[in-house]
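Structural features, examined
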Amino acid sequence: MSGANDHVSGAQTSALPEADLSRLLLENLATGVFGVDVDGRFTFLNRAATRLFGFTSPESVLGRDSHLLTNHGDEEGVRYSVMDCPIHRVMVTGRALEVGSDTFRRIDGSPFFARYYAAPLFDRNGDVQGAVVAIEDITESLLQERTLTQYKAVFDASRDAIVLHDRRAIIDCNPAAVQLFAAPSPQDLIGLHPGACSPEFQPDGQPSRETAEAFAEQALAGGSVAYEWICKGLNGRTFSSEVLLSRVDLPEGPFLQAVIRDITERQRAERALRRSQAELAAAQELAHLGNWLWDLGADRIVWSDEVFRIFGLEPGTLQPDYEDFLHRVHPEDRERVAQAIASALKGSAEYDIEYRILQPDGSLRTVHERARVTRDADGRAQRMRGTVQDITERRQLEDQLRYQRDLVETVLDGLPAIFFLLDAERRTVRWNRNFEAVTGSEGAAIKSRQVIEFVDSIDRQRVDGAFALAFAEGPAEIEAGLRAQDGRIIPYFFTCNRVQLEGGTFLAGFGVDISERKRLEKELARQASHDHLTGLYNRWKFEEVLELEIERARRYGTQFSVVMFDIDHFKRVNDEFGHDVGDLVLKRLGEVVGQQIRRTDILARWGGEEFMLLLSETALDHALQLAEATRRRVGEARFPGPDRLTISLGVTEYRPGETVPTMLKRVDGALYQAKQGGRNRAVAA
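Residues numbered from 1 in each chain as written. Predicted model: local features only at pLDDT ≥ 70, side-chain atom pairs only at ≥ 80, totals over all residues. Heavy atoms only, no water.

Quick word on the overall build of the protein
In plain terms, the rule: Note on conventions: DSSP H or I runs of at least 4 residues are helices, E runs of at least 2 residues are strands, and numbering of each starts at the N terminus. To sort residues, take the accessible area from a 1.4 Å probe on protein chains only and compare it with the maximum for the residue type: under 20% means buried, over 50% means exposed, and anything in between is partly exposed. Every residue pair with non-hydrogen atoms within 4.5 Å of one another is taken to be in contact. Throughout, the Shrake-Rupley method with a 1.4 Å probe supplies accessible areas, and for residues the shown protein chains are the sole cover considered. Counting rule applied: Lys, Arg positive; Asp, Glu negative; His and chain ends not counted. For this purpose, a charge sits on NZ of Lys, CZ of Arg, CG of Asp or CD of Glu.
Regarding its fold elements, the protein presents 22 helices and 25 strands. Its C-alpha atoms give the protein principal-axis dimensions of about 135 × 95 × 50 Å. Counting across all 685 residues of the protein, residues that qualify as buried make up 39%. For the protein, the share of sequence-separated contacts (at least 6 apart) that also reach a separation of at least 24 residues comes to 48%. When the accessible area of the protein is evaluated, it comes to approximately 38900 Å², of which 52% is carbon and sulfur surface. On the protein, the mean spot of the 84 positive side-chain charges and the mean spot of the 106 negative ones are 4 Å from each other.

Focus on the pattern of salt bridges
Spelled out, the test is: One speaks of a salt bridge when a side-chain nitrogen belonging to Lys or Arg is within 4 Å of a carboxyl oxygen belonging to Asp or Glu.
Summed over the entire model, instances satisfying the criterion amount to 51 salt bridges. Of the charged contacts in the structure, one is a salt bridge between aspartate 324 and arginine 328, with a shortest N-O distance of 3.0 Å. Residue aspartate 324 and its partner arginine 328 are both found in helix α11 (residues 322-328); the two are separated by four residues, about one turn of the helix. By relative accessible area, which is 13% here, arginine 328 ends up buried. In this structure, arginine 519 engages glutamate 516 in a salt bridge whose closest nitrogen and oxygen atoms are separated by 2.5 Å. Here arginine 519 and its partner glutamate 516 are both found in helix α17 (residues 515-529), three residues apart, which amounts to about one turn of the helix. We classify arginine 519 as partly exposed; its relative accessible area is 44%. Three or more residues joined by partner-sharing salt bridges are found here, namely Arg64, Glu547, Glu551 and Arg554.

Some words on the environment of aspartate 102
Formally: Here a polar contact is recorded for every N or O atom pair within 3.5 Å, except that within protein the pair must consist of a potential hydrogen donor and a potential acceptor, and residues adjacent in sequence are included only if both atoms are side-chain atoms.
Here aspartate 102 lies in strand β3 (residues 97-105). With relative accessibility at 6%, the residue aspartate 102 sits in the buried group. Once you skip the residues sitting within four places of it in the chain, aspartate 102 turns out to touch His72, Gly73, Asp74, Glu75, Tyr80, Pro86, Phe112, Phe113, Ala114 and Tyr116. Within the structure, aspartate 102 has its side chain in polar contact with the side chain of tyrosine 80 (distance 3.1 Å).

Things to note about the sheet that holds strand β4 (residues 111-122)
Rules: The criterion for strand pairing is that DSSP finds at least two bridges linking the strands in question. To obtain an axis, a line is fitted to C-alpha atoms, over the contacting stretch when the element is a helix, and the angle between two such axes runs from 0 to 180 degrees between their N-to-C directions.
The strand order across the open sheet formed by five strands is β2-β1-β5-β4-β3, and the pairing between neighbours is antiparallel. Both outer strands of the open sheet, β2 (42-45) and β3, are each paired with one neighbouring strand and no more. With direction set aside, neighbouring strand axes in the sheet form an average angle of 30°. Each of β1 (32-37), β3, β4 and β5 (128-137) touches helix α5 (residues 86-93); the most contacted strand, β4, lies at about 10° to it.

As for the packing of helix α20 (residues 579-596) against helix α21 (residues 620-636)
Two quantities define a packed helix pair, namely the angle between the axes and the distance from one axis to the other. Under the convention used in this document: We call two directions roughly parallel when the angle between them is under 35 degrees, roughly antiparallel when it is over 145, roughly perpendicular when it lies between 65 and 115, and oblique otherwise. Handedness of a crossing follows from how the near helix is turned relative to the far one, being left-handed for an anticlockwise turn of less than a right angle and right-handed for a clockwise one. Nonpolar residues are Ala, Val, Leu, Ile, Met, Phe, Trp, Tyr, Cys and Pro. Charged residues are Asp, Glu, Lys and Arg, and all others, Gly as well, are polar.
At a minimum axis separation of 10 Å, α20 and α21 run at an interaxial angle of 135°. When the axis of α20 is compared with that of α21, the two are oblique. As α20 packs across α21, the resulting crossing turns out to be right-handed. Only Ala629, Thr630, Arg633 and Val634 of α21 make contact with α20, whose side of the interface consists of Leu589, Val592, Val593, Gln595 and Gln596. Taken together, the residues of the contact of α20 with α21 sort by class into five nonpolar, three polar and one charged.

Digging into the packing of helix α18 (residues 539-556) against helix α22 (residues 660-676)
The contact between α18 and α22 brings their axes to 10 Å, and the two run at 110°. With respect to α22, the element α18 is oriented roughly perpendicular. Here α18 contributes Leu546, Glu547 and Ile550 to the contact with α22, which in turn contributes Val660, Met663 and Leu664.

Regarding the confidence of the model for the protein
Selection rule: For every residue, the pLDDT score states the predictor's confidence, bounded by 0 at the bottom and 100 at the top.
On average, residues of the protein score 86 in pLDDT, and 92% of them are at 70 or above. In this model residues 1-14 is a low-confidence stretch, pLDDT under 50, and it forms zero contacts with partners more than four residues away in sequence or in other chains.

Comments concerning helix α19 (residues 570-577)
Where we set the bar: By definition, the arc is the one covered by directions from the helix axis to the C-beta atoms.
Within α19, burial applies to Phe570, Val573 and Asn574. What you see down the axis of α19 is that its buried residues fit within an arc of 95°, all on one side. More than 90 degrees from the buried face of α19, the exposed residues found are Lys571, Arg572, Asp575 and Glu576. Lining the buried residues of α19 we find β21 (560-567) and α20. Backbone geometry just downstream of α19 places glycine 578 in the positive-phi region, at approximately 95°.

Overview of α20
Because each turn of an α-helix spans 3.6 residues, side chains separated by three or four positions end up pointing in the same direction. Filter applied, for reference: Any helix carries an expected span of 1.5 Å times its number of residues minus one.
Here α20 is 18 residues long and its end C-alpha atoms lie 26 Å apart, about the 26 Å a rise of 1.5 Å per residue gives. Considered for burial, the residues of α20 that qualify are Gly582, Val585, Leu586, Leu589, Gly590, Val592 and Val593. Buried residues in α20, looked at end-on, bunch into an arc of 170°, giving them a common side. Exposed and facing more than 90 degrees away from the buried side of α20 are Asp580 and Gln595.

Shown next as structure tokens:
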């Protein structure tokens, strides 16, 4: 017993202090945890929170504005103001937020969805001194939920039967599976062993369950396996099917998804087609060519049965002669055939010709005929022997192939995109007219060069890598600049894929001009940071610039000042002249002040009739002078509607160590004093 007590005592003396234990537990939590003070400044972060927001270390952000650094917004991504922020409300109300689901942004600007919990922290007097927040990244789970919803929609709408099972029992099936297996309802399939949907044996004599287990092992190991299978419905009907068995990894573990298609009718059609093809092959072997003989001395022509059939006649129904033969040749080809025969009889001895014939029912056929003349010792023609072959289908196929080739050529040349085909050595073997139009090259100038030579030099290595990836693995996509014939670099989006054609492996590439998309992206970025009425920076952009200026001042010890101003009695302008004139006044004020400030200063519309000025490298006294100069310039300017107006200004200077909210609060107070002091004046704070 004494030994046991000694052991307990030793364990107690070696335990960590409570504070260290709490800190150790906090740092090793998988959930992000951070604290903020009443001004929203970070007071602590554990490792998980630091990683989640992409901070280099907790120390790099302690004491800084958490609201600005996390860019907290609602589920639609619209950023909260400080007063609307749910975490801020926790500190205002003193009531915990049990669960919230919003968007945040990492320090590099990338967004993520998060679920978070926030609770107020109280001091000994019961006053709120801050908040503690637990946060989890739920982006992946949201994507999984959306993917599952999409999969379920496809699952239910699929015309193929889909069955999900775990090798022991069917756990889900779609409506097509219920119909295919003649089940009264899904519940009649769910819970059955998968083997219940097959006969005891397959046609090769193998037991269905053992063979199905082998396919299941292949699918689990390799991802998927396809095979033909005999299935059995609940009504006892057996039928042939194609099965694609795939592994599906769900949170509960790996499952098997079977996509089943009834191929009974297809197999029946294939058997009929094979019989027909066999019969056709036999007929073609027996009657591939018709032959004929023309005895010139007796002026007698003999046709084989096959020739009669080619001409649409029953064998032996007439005694053919030369005139009757020419009558059956298409009128447009008749003279050409007669000349070929006459030439052979006169001296050429043989001919090889294609022409069209008219059958008695009016059908038009194309035939290929060869003939040779034999002569006696004096050189007189005695006989002419020949063969005739019906090549109508072959000629139609050639015409169809020619049409399809011409159609492909027309489509490729009509594409607004550029197209190119590369061989295994990356040489250009095919391209469309748009490629020529954009690059200003054609013919040998393209064929003798590689496509990569037309790409902007700074993008060539990336494009070459994309080509290599496409040749090795399959589809690849990349954005790169293409040098046009006038020297411009045009942004293009390229998609390329490996294709197998007769003669080897090739790469087919398409490029779409994305100049307009790039322009729109640039315009959207501008609209996100600029006020739509005045064209000045908006409030969000000004806060971002102000945060950067504070950081620069902290790092390099520089000075700067901020001026907040608004129009005196602006409501009267809207009431007397209307909001349209009020908008013109705001635009005019932005122009007047914009002409007054320096190139290094930042002018923004703060909201309504309020504006902000950031004066870099400017101390308070100089900032006050600039504010007075601005006030006088505005007072001298003319405006639509009221003609003259005045502004009131608040001025403040950055104080080392302060935050954006503190500085904004002080300059807002200075503007308030200017208003209270009679307006049309500048007040420093």
